[in-house]
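# Summary of the model geometry
Below, each chain spelled out in residue letters.
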Amino acid sequence: VALGVYHAIGRIDVGTESIVDRSKSMKSYVMDIFERYGDGESNVEGVDQYNACYGGQAAGLAVLSWVESDRWDGRYGIAVATDISEAHPFFIAFVGAATTATLFFPDAPLAHHSQRATCILHRLDFCKPVGWHDMAPVTDGKYSVECYLDALDSCYKTLRKKVNDRELFQITDYNVFHTGGGYHIVKKAFERLLRNERPECRGSEREELTAVRLHPSCHILKRVGPCHTVSSFLNTASVAMSQMQEALGKVIMVFTYGSGCAATMYQLRIDDIAYFDPLEVWFLKRFYKNSVKMHPGDAIPIHNIYVETWMKFEYKPFGRQKENPDLLHALEEDVYYLGEIDKFGRRFYHRGGVKARPLDKKYELPADTAEGRPTRKHWGPLPEEKKNKLEDKLTTVDEKRRQIEYDMTFDHEAEEGNYMEIGEFNDTYRRDQKVKILKPLPDRKQHGTTIEPDGLQHSYQIVGTWARRQSQEMTQNSDGSWYFEFTLGENRWEEFYLTQDGDKKRRIYPHVERAAKDGVAVGPHDGGQSHFWFLDCRERVDVPADQMGVPGDRYRVTFRWKKMKELTWTKLQGEVGEVDRSQYFIAGSWTDFELEELKPDTSRRKGWYSTEVQMTSLGLEFKLVRNEDYSQAIYPVPTKREDRTCGKHAAINGPDASGATFWKVDGVFGGVYRIAFFRDAEDCEPAGMRVEWTKIDDRPVVELEPTYYLVGPFNDWGQKDMRKMRHPPGDVSVFTGEVEIEEMAPDEKSPEKKKFMMPFKIVQHKMPTRCVHPDKDKCTQLMEHKVVMDDKGKDLSWHIGAHPADKAKKGDVFSVKLQIAPTGAMTISWSK
């Protein structure tokens, strides 16, 4: 008798690293489907398997053993590998969300073949301790990669022994690797295996082996991104779907890994064409059909909400409703979405989520009522039907580009001058409030513009990171376009903008930050200071294959302006240039975070740089900067988002402009430390960098001369710059600096009520922990107050102009004076 689908499954194991309950198995949630739709079916063996990324493979091996055992009852087995890898936006590139369900049965198209080898070791490169305060794991990225490669070596040696020391490349045809860190990890692992197998292999032979043996497994990876428990299954499917009949009779060697650590290397023989669509058909029918196109910047707010659900009780998801309600219409009918976590931490799901109607009564279970399970009716009304938007008036690409440029160049402050004030009147409905009535001027000026070519002769310059942001002349082609060629540096990315006639106020820049080629170009215009074209040549999912490159590769940027401005670039195939040597600088507490060059360490191999510093009362905090460019900062990744400093074991990030954290040396007062930095010039990833420090001496402490800086709205409270105060030669008891009065609102809740004033406070050595401030907010020099130096002055500042005695007017310059008594007591005063 043929069995129904829900009765034909004899075992299901779920592999994960992100268990939802320390006692209850995720597999039991899956059984809810069998119970509701399969006439109460419950005779299905298997529970959860978890060990970081190895959980999925552990589930697969458990089901395989069941099918091969004498307890197998003739039904199918399923191994589910699943994960939403939990991490903060710092690691958004590694947040994999994928699931595979692998069917196990005798005579399957992909047969487990010959021998396998396993390596399980006690390592602490990655863990999620019980009670850990954060969703993200405790991890050491570089060490985890080392553990991965050590496990690979161990499995390789064991498998070689089991196959009588035959060369594995002779008895297998494809290689599949675990890809928790992305393609660069896969490539690194393959090259490691290749060195073990054929140490003499070089050049074109290595490239050919990589293309033939490795690349078939990476097609899905390069579009989906890093996955975790799913990796080996997904990459095996990539081989089957991309090779189809070409793979018949061939053998796949699979290496799967989970931190902590556990790894297995095994072989699969392709006996038949698997039950898959060809790869490109699958992408269209399955992958892209229900995908939601979203820029990472738009996804991060939703992801942040997800991160905050850690350890939450009495919680209902709201991320889509809050950030983009239209995404509710993208919920899929056959997917089970979380509806609620109740006060006991129990989770409840609904097929189709809030988009779907309540469950048909015929599928309700007695347990629903007995356990008081919340259902769809408890989670609010159905979302409104998606309304058809009016057809976009901007019918052509050129019109859309012009509108974007108009919006980018619109001067909102200047636009205020286009109106005259009629008067101020009491609001009709709220008599306690006044309303200003404005009338547009008859000759009002347009402050937005679409910049058209003026027909005059101009020159164009390019300002890029390869030349340390120094302006370089572009060359004109016979067709009127302009071009510039450069050599890719060791970051394997470059950013740039253009200028017209060498005038920095006539910038030409993209309409978005870190823009790709062929986007909307804006200018010449005095704006877009943070907007650059971003040429990414790293091996990334969103980087075209013909754009990827290595240090030394040559690229050409081309700019033309006939009707519309166009900028593009191409890789110059076969051309190689000399890579400029990078310099690395350290910004530390002992230099007021000004840059100081790290010198190459000749006592160590190439790539090491170091400096020596003494521990003073300032402590030792630092980050690194490439080529004196703060947008190429190298910094530690904190365990908690609010942490400002990290120890030496923190993961490394950069070079990029996001570095707001510092390494902190925990050492002894007077100790001299050698801080060392290493970067592998052939590895552009953070894993190719190391930061370390060692104590080398004890010396009498030499304290640094104190320095003080003014911060306020004039420099975004120190975020943009800090204004250094001066002192007389040899006298460090008096410091002075100037601030200029502006018109501003003292109370953010009443922005219409403005005064001539300027708030400020003072920072010693640019350290937030040494903020000089009053003990009360909006403090004047005539108020009785105390002057304090600590890290608790976030909402406390002096206000010049808050007291009428200051007689402050817009544009007035006031001199601020800091007086330090021999006892250390401080006083603050100012005068016009």
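Look above for the structure.
Conventions adopted
Residues numbered from 1 in each chain as written. Predicted model: local features only at pLDDT ≥ 70, side-chain atom pairs only at ≥ 80, totals over all residues. Heavy atoms only, no water. Helix = DSSP H or I, 4+ residues; strand = E, 2+ residues; numbered from the N terminus. Buried < 20%, exposed > 50% of the residue type's maximum accessible area, 1.4 Å probe, protein only. Contact = heavy atoms within 4.5 Å. Lys, Arg positive; Asp, Glu negative; His and termini not counted. Charge placed at Lys NZ, Arg CZ, Asp CG, Glu CD. Pairing = 2+ DSSP bridges. Axes fitted to C-alpha atoms, helices over the stretch in contact; angles between N-to-C directions. Patch = residues over 30% accessible without salt bridge, like charges linked within 9 Å, V, L, I, M, F, W, Y side chains within 5 Å. Areas by Shrake-Rupley, 256 points an atom, 1.4 Å probe, with all protein chains shown as cover. Salt bridge = Lys/Arg side-chain N within 4 Å of Asp/Glu carboxyl O. Phe/Tyr/Trp six-rings, centres within 6.5 Å; stacked < 30°, edge-to-face > 60°. Lys NZ or Arg CZ within 6 Å of the ring centre and 35° of its normal. Core = buried A, V, L, I, M, F, W, Y, C linked by side-chain atoms within 4.5 Å. Expected span 1.5 Å × (residues − 1).

Across its full length, the chain carries 14 helices and 45 strands. On the principal axes, the C-alpha backbone points of the chain span a range of 95 × 75 × 70 Å. The buried share of the chain, taken over its 832 residues, is 45%. Long-range contacts, defined here as pairs at least 24 residues apart, represent 62% of the contacts in the chain between residues at least 6 apart. When the 117 positive and 128 negative side-chain charges of the chain are each reduced to one mean point, those points stand 2 Å apart.

Moving on, we come to the sheet that holds strand 45 (residues 826-831). The three strands lie next to each other as 38-44-45, forming an open sheet whose pairing is antiparallel. Strands with a single pairing partner mark the edges of an open sheet, and in this sheet they are strand 38 (734-740) and strand 45. The mean inter-strand angle of the sheet, taken between neighbouring strand axes irrespective of direction, is 20°. Of the strand pairs in this sheet, strand 44 (residues 813-820) and strand 45 are connected by six bridges, and their pairing is antiparallel. Looking at the pairing, Lys817 lines up with Ser829 of strand 45.

Now for the sheet that holds strand 17 (residues 475-476). Pairing within the open sheet is antiparallel, and its four strands lie in the order 17-18-23-24. The strands lining the two open edges of the sheet, one partner per strand, are strand 17 and strand 24 (565-576).

Turning to a nonpolar patch on the surface, a few remarks are in order. A contiguous nonpolar surface patch, about 410 Å² in accessible area, is contributed by Met420, Ile422, Phe425, Val435 and Ile437. Ranked by residue count, the leading element in the nonpolar patch is strand 13 (residues 419-426), at three residues. Tracing the chain through its elements places Ile437 in strand 14 (residues 434-440). Taking the relative accessible area as the measure of exposure, Ile437 reaches 37% and is therefore partly exposed.

Glancing now at the packing of aromatic side chains. For the structure shown, the criterion picks out 36 aromatic pairs. Seen from their ring centres, Trp493 and Phe534 are 5.4 Å apart, and the 40° between their planes marks the pair as tilted. With a gap of 41 residues between them, Trp493 in strand 19 (residues 493-500) and Phe534 in strand 22 (residues 533-536) connect regions that are remote in the sequence. Among the residues examined, Trp493 registers a relative accessible area of 2% and is labelled buried. Ring plane angle 65° and centroid distance 4.8 Å describe the contact between Tyr708 and Phe735, whose orientation is recorded as edge-to-face. Linking Tyr708 in strand 36 (residues 708-711) with Phe735 in strand 38, this pair joins segments that are 27 residues apart in sequence. Judged by its relative accessible area of 3%, Tyr708 falls in the buried class. Through successive ring pairs, a cluster of aromatic residues spans Trp466, Phe484, Phe486, Phe496, Trp533, Tyr555 and Trp569. Above the ring of Tyr483, the side-chain terminus of Arg556 is found at 4.6 Å from the ring centroid. Sitting over the face of the ring of Trp717, Lys761 holds its NZ or CZ atom 5.2 Å from the ring centroid.

The next thing to look at is the nonpolar core. Judged by nonpolar contacts, the single largest core of 33 residues is most densely connected at Tyr148, Phe177, Phe255, Tyr257 and Met265. Elements with a contribution of two residues or more to this core: strand 5 (110-120), helix 3 (141-162), helix 4 (168-171), helix 5 (183-197), helix 6 (203-214), strand 9 (251-258) and strand 10 (262-270). In terms of residue count, helix 3 provides more of this core than any other element does, nine residues in total. When near neighbours in sequence (up to four residues on either side) are disregarded, Tyr148 contacts Phe177, His178, Ile185, Ala189, Phe255 and Tyr257.

Attention shifts here to the pairing of strand 15 (residues 460-464). Along strand 15, five of the five residues are buried, which leaves the element largely enclosed by surrounding structure. The pairing of strand 15 with strand 19 spans five bridges and is classified as antiparallel. Bridge pairing links Ile462 to Leu498 in strand 19. Across three bridges, the pairing between strand 15 and strand 16 (residues 471-473) is antiparallel. What sits directly across from Ile462, in strand 16, is Gln472. Where strand 15 hands over to strand 16, the hairpin turn is made up of six residues, of which Arg468 adopts a positive phi near 55°.

This paragraph deals with the pattern of salt bridges. The tally for this structure, following the rule as stated, stands at 44 salt bridges. For the salt bridge of Asp73 with Arg75, the shortest nitrogen-to-oxygen distance reads 3.1 Å. Across the pair Glu738 and Arg726 runs a salt bridge whose closest N-O atoms are separated by 2.8 Å. Of the two residues, Glu738 is situated in strand 38 and Arg726 in the loop between strand 37 (723-724) and strand 38; the sequence distance between them amounts to 12 residues. What makes Arg726 partly exposed here is its relative accessible area of 45%. Several salt bridges share partner residues, and in doing so they unite Asp32, Arg36, Asp368, Glu371 and Arg373 into one network.

Attention now goes to helix 2 (residues 55-68). Quick reminder: α-helices carry 3.6 residues per turn. Residues three or four places apart thus point the same way. With 14 residues, helix 2 should cover 20 Å at 1.5 Å per step; its first-to-last C-alpha distance of 20 Å lies within 8% of that length. Among the 14 residues of helix 2, 12 are classified as buried, and the element is accordingly described as predominantly covered. Of the residues making up helix 2, those classed as buried are Gly55, Gly56, Gln57, Ala58, Ala59, Gly60, Leu61, Ala62, Val63, Leu64, Trp66 and Val67.

Right, let's get into the environment of Thr16. Tracing the backbone shows Thr16 in the loop between strand 1 (9-15) and helix 1 (26-37). Separated by 83 residues in the primary sequence, Thr16 and Thr99 have C-alpha atoms spaced 9.8 Å apart. Residue contacts for Thr16: discarding those within four places in its chain leaves Met26, Gln49, Tyr50, Asn51, Ala52, Gly55, Gly56, Thr82, Asp83 and Thr229.

In short, shape yes, function no, at least from these values alone.
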